[in-house]
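Here's the letter readout for the chains.
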Amino acid sequence: VVLDQADRLLAALRPPFQVAGTELVSSASIGITTSAQQYTRPEDVLRDADIAMYRAKAAGKARHVVFDAHLHAQVLQRLRLETDLRRALQADRISLVYQPIFDLDSGQVSGFEALARWVHPDLGPVSPGTFVAIAGEAGLGTELTDRLLQRACRQLRQWQSSMPGIDGLAMP
């Protein structure tokens, strides 16, 4: 029944409407939780509905998601990764590996791509797709990028100064 109501609400919001001569389109992301979770505190109901709503937004908006314990575990894991990423960034534990770029005509290395890597102390390697996204969502993207870019540029400069004849080496 609640899913039918959510679908009806989403459908009612779908058609455009006029405000002061301007056509507007609206949508909603709906988070749903049920009494099956056996809540004892109202704030827990709101927390879980909020978690489900943000999952609905992440799935593309204009949809509904029903909370389950798996969502709660995902949120806790993401918060842990964000906290640990902040610590790793402060301790300079995000590393770079360098992928060579070859000039196909000459067969020579023309540059390197700098690739970020993070090995979590408990979880092992964390996918760059995961930790870069978390950094962006947590407002750490600029700091992460700046630190890694500075490190990559220092490494490139070191290679250029220590190996004669590679002045044209680049890190695009």
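Draft legend 1. Just the side chain of S29, in detail. Considering the arrangement of structural elements, one finds S29 in the loop between β2 (22-24) and β3 (30-32). We classify S29 as buried; its relative accessible area is 16%.

Draft legend 2. Highlighting the sheet that holds strand β7 (residues 124-126). Pairing within the open sheet is antiparallel, and its 3 strands lie in the order β5-β6-β7. If you trace the sheet from one side to the other, it starts and ends with β5 (94-102) and β7, each paired once. Averaged over neighbouring strand pairs, the angle between their axes works out to 45 degrees when direction is ignored. Taken together, the 9 bridges between β5 and strand β6 (residues 109-120) define a ladder with antiparallel strand orientation. Residue F102 lies in a different strand from β6, and its bridge partner there is V109.

Draft legend 3. Expanded view of a nonpolar patch on the surface. A cluster of nonpolar side chains, contributed by V2, L3 and V66, occupies part of the molecular surface with about 210 Å² of accessible area. Examined against the element boundaries, V2 turns out to sit in helix α1 (residues 2-13). Relative accessible area serves as the criterion here: at 40%, V2 is assigned to the partly exposed category.

Draft legend 4. Layout of the pairing of β6. A loop of 6 residues connects β5 with β6, the two strands running antiparallel in sequence, and G107 in this loop sits at a positive phi of about 80 degrees. Between the end of β6 and the start of β7, which pair antiparallel, lie 3 residues.

Draft legend 5. The pattern of salt bridges, seen in detail. Counted under the stated rule, the structure contains 12 salt bridges. D44 is paired through a salt bridge with R47; the nearest N and O atoms lie 3.2 Å apart. On the criterion of helical spacing, the pair formed by D44 and R47 is a turn pair, its members being 3 residues apart in helix α2 (residues 42-58). Classification of R47 by relative accessible area gives partly exposed; the value is 35%. Note that R147 is salt-bridged to E143, the shortest N-O span being 3.2 Å. Taken together, the residues span about one helical turn, with R147 and E143 both in helix α5 (residues 141-162) at a distance of 4 residues. The class for R147 is partly exposed, based on a relative accessible area of 29%. The structure contains a network of salt bridges with shared partners spanning R41, E43, D44, R47 and D48.

Conventions we followed
Residues numbered from 1 in each chain as written. Predicted model: local features only at pLDDT ≥ 70, side-chain atom pairs only at ≥ 80, totals over all residues. Heavy atoms only, no water. Helix = DSSP H or I, 4+ residues; strand = E, 2+ residues; numbered from the N terminus. Buried < 20%, exposed > 50% of the residue type's maximum accessible area, 1.4 Å probe, protein only. Pairing = 2+ DSSP bridges. Axes fitted to C-alpha atoms, helices over the stretch in contact; angles between N-to-C directions. Patch = residues over 30% accessible without salt bridge, like charges linked within 9 Å, V, L, I, M, F, W, Y side chains within 5 Å. Areas by Shrake-Rupley, 256 points an atom, 1.4 Å probe, with all protein chains shown as cover. Salt bridge = Lys/Arg side-chain N within 4 Å of Asp/Glu carboxyl O.

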